[in-house]
Amino acid sequence: MIISVDTGNKHMKTENCEFNSGVEILDTLPGELEEVIEYEGKYYMTTNRRISYMEDKTADDRYYILTLFAIAKELSYREKNEGLLPQNLQEIELLVGLPPAHYGKQRKKFREYFYRNGAVVEFCYKGISYRIVFKEVKSLYTGICRILSSCCEETVIGNTKNFINRYWWLYRRLYGFKIWTAGNGVCRFIRKWCHSVI
């Protein structure tokens, strides 16, 4: 399954949820149904106090934990609306974005930060156990994301069309751009980028 997460400085966003980019470790055992993640023997809760700006979000585990929250919320949504079974191992293709200024320097590091050798990740969210594995992690250049968000499906052919069909919602949600018809030159540029990065 594909899950896209915007690891923003202010907010974390997925297709179906949005919350503040703030997290803290709890000193006491939480209630069973509280919105808490248990991971590697520690309990975490999101807060309204967002993390101070970090140029390198891989410097510690806070954005990893926030991404687990985003994935858990997305899985919870899909359980209710799509009949997803939480007890099954979930193979996830994770899409995460990087700003243009940091993309070239950090994209490989950012990918490994989440991928972690493809090991199975086990955690509990609101008392429900989850087992996930990142089948793939793709760091996307947000400048290209803006172009993709603006491309109309009907104007794009081949692999690029399949790519946009799968991921266009993320870019539209992140940047709020209207869908408009892109010229052939833009489409060729996107296709070239897709082949080189994705």
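Our subject is the structure that appears above.
Residues numbered from 1 in each chain as written. Predicted model: local features only at pLDDT ≥ 70, side-chain atom pairs only at ≥ 80, totals over all residues. Heavy atoms only, no water.

Let us now look at the side chain of Q106. The residue Q106 is located in helix α2 (residues 100-115) in this model. By relative accessible area, Q106 is classed as buried at 7%. Look past the residues within four positions of Q106 in its chain and what remains in contact with it is E55, D56 and L98. (Helix = DSSP H or I, 4+ residues; strand = E, 2+ residues; numbered from the N terminus. Buried < 20%, exposed > 50% of the residue type's maximum accessible area, 1.4 Å probe, protein only. Contact = heavy atoms within 4.5 Å.)

As a further point, take the environment of K109. Note that K109 resides in helix α2. In the structure, K109 is positioned 53 residues away from D56 in sequence and 9.6 Å away in space, judged by C-alpha atoms. The contact partners of K109, leaving out residues within four places of it in the chain, are D56 and T58.

Of all hydrophobic cores here, the largest spans 37 residues; its most connected members are Y39, Y64, L68, L94, F123 and I132. Broken down by element, the residue count for this core peaks at 10 residues, all from helix α1 (residues 62-82). Beyond its immediate stretch of four places on either side in the chain, Y64 contacts Y39, Y113, F114, R116, V121 and F134. (Core = buried A, V, L, I, M, F, W, Y, C linked by side-chain atoms within 4.5 Å.)

Function cannot be read off these values alone, since they describe shape.
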